[in-house]
Amino acid sequence: MSHPLGVRQAQKQKTRQAFLDAALVLLEEQSLSSLGLREVTRAVGVAPTAFYRHFPSIADLGVELVKEALDSLHPLIGSTAAAEGDRAERCARAVDLIAGHVEAYPAHIRFIAREWHGGVQPVREAIRRQLARFAEEVKVALAQHPESEGWNDEDLLMLAGLYVDQMLMTASQFLVALESSSEERDRVIRVATQRLLLIDIGRDHWND
């Protein structure tokens, strides 16, 4: 017995994903504010009017790309914040995880890095909301650490925000290093680890 509704829904989802994939490829060389609807539909191989059956605007497509790009980072950030071991081990492991993620999803990281302060307001706000969500998740993980005894929620959230910002900055730097030499990659690893260590050491003395 056939299920035409299910088939149609699957085809719709496939076309929607094709728009996202095509836009991500096109955005490797330009910003979202310069991306044209006809460029995307031409890349997918459909009429421009078909776009509106899936997204109200290019900005809405961009917001969906933010979700797609950053959703996969939640497990990474959570495992990084909850990692055990001494300070140097935790920081080195965090940097290794970030490097691996950038190598696996370079187009997503490039899109976020470019649009974080880009010209499309709904996309900037979507990134800001996702980063705020990351910070809340990291705050919860940090609160479980013995070093967090005596910290209030506001200070823990501030610390979590520092970690999240540094992780995103490190991801952006790894993206550049992918197109450079192994020496540059080693430099990014060294500097990123030192910066995380600096945040971690400052944490020890915040309540002094």
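Described below are features of the structure shown in this document.

Cut-offs used in this document
- Residues numbered from 1 in each chain as written.
- Predicted model: local features only at pLDDT ≥ 70, side-chain atom pairs only at ≥ 80, totals over all residues.
- Heavy atoms only, no water.
- Helix = DSSP H or I, 4+ residues; strand = E, 2+ residues; numbered from the N terminus.
- Buried < 20%, exposed > 50% of the residue type's maximum accessible area, 1.4 Å probe, protein only.
- Areas by Shrake-Rupley, 256 points an atom, 1.4 Å probe, with all protein chains shown as cover.
- Lys, Arg positive; Asp, Glu negative; His and termini not counted.
- Charge placed at Lys NZ, Arg CZ, Asp CG, Glu CD.
- Expected span 1.5 Å × (residues − 1).
- Polar contact = N/O pair within 3.5 Å; in protein donor to acceptor, adjacent residues only side chain to side chain.
- Salt bridge = Lys/Arg side-chain N within 4 Å of Asp/Glu carboxyl O.
- 1 Å grid on protein atoms, 1.4 Å probe; cavity = no way out; pocket = protein on both sides within 12 Å on 5 of 7 lines; lining within 4 Å.
- Points joined across faces, edges and corners; volume = space filled by probe spheres on them.
- Nonpolar A, V, L, I, M, F, W, Y, C, P; charged D, E, K, R; others polar.
- Arc of directions from axis to C-beta.

Before going further, it helps to examine the overall build of the protein chain. From N to C terminus, the protein chain includes 10 helices and 0 strands. Ordered by position from the N terminus, the helices and strands of the protein chain form the series α-α-α-α-α-α-α-α-α-α. Relative to its 208 residues, the protein chain shows a buried fraction of 41%. Accessible surface, the protein chain as shown: approximately 11,400 Å² in total, 55% of it carbon and sulfur. The protein chain carries 23 positive and 30 negative side-chain charges, and their two centres are separated by 10 Å.

This part takes up helix 9 (residues 153-178). With 26 residues, helix 9 should reach 38 Å at 1.5 Å per residue; the first-to-last C-alpha distance of 37 Å fits that figure. Where helix 9 starts, the residue carrying a side-chain oxygen 3.2 Å from the main-chain nitrogen of Glu 154 turns out to be Asn 152.

This paragraph deals with the environment of Glu 29. With respect to the helices and strands, the residue Glu 29 is situated in the loop between helix 1 (4-26) and helix 2 (37-44). Exposure remark for Glu 29: the relative accessible area of 73% places this residue in the exposed category. Taking the C-alpha atoms as reference points, Glu 29 and Ala 126, separated by 97 residues in sequence, lie 21 Å from one another.

We now examine the pattern of salt bridges. All chains considered together, the criterion is met by 15 salt bridges. Of the charged contacts in the structure, one is a salt bridge between Arg 90 and Asp 200, with a shortest N-O distance of 2.8 Å. Taken together, the residues Arg 90 in helix 6 (residues 87-104) and Asp 200 in helix 10 (residues 182-205) connect sequence positions 110 residues apart. The closest approach of N and O atoms between Lys 139 and Asp 153, which form a salt bridge, is 3.9 Å. Placement of the pair is Lys 139 in helix 8 (residues 121-143) and Asp 153 in helix 9, with a sequence separation of 14 residues. Assessed through its relative accessible area of 14%, Lys 139 is described here as buried.

Evaluated as defined, the whole model comprises 2 cavities of 30 Å³ or more. Reported here for the second largest cavity is a volume of approximately 100 Å³. If you trace the second largest cavity, you find 13 residues lining it, with Leu 73, Ile 77, Met 167, Leu 168 and Ala 171 closest to the centre. Going through the elements one at a time, helix 5 (73-81), helix 6, helix 8 and helix 9 are the ones with two or more residues in the lining of the second largest cavity. Here the element with the most residues in the lining of the second largest cavity is helix 9; it accounts for 4 residues. Considering only residue class, the lining of the second largest cavity consists of 12 nonpolar, 1 polar and no charged.

All right, on to helix 4 (residues 58-71) then. Taking 1.5 Å per residue as the helical rise, helix 4 with its 14 residues ought to reach 20 Å, and the 20 Å between its terminal C-alpha atoms agrees with that figure. The complete set of buried residues in helix 4 reads Ile 58, Leu 61, Gly 62, Leu 65, Val 66, Ala 69 and Leu 70. Projection of helix 4 onto a plane perpendicular to its axis shows the buried side chains occupying an angular sector of 155 degrees, all on one side. The residue sitting at the N-terminus of helix 4 and contributing the capping side-chain oxygen is Ser 57; that oxygen lies 3.3 Å from the backbone nitrogen of Ala 59.

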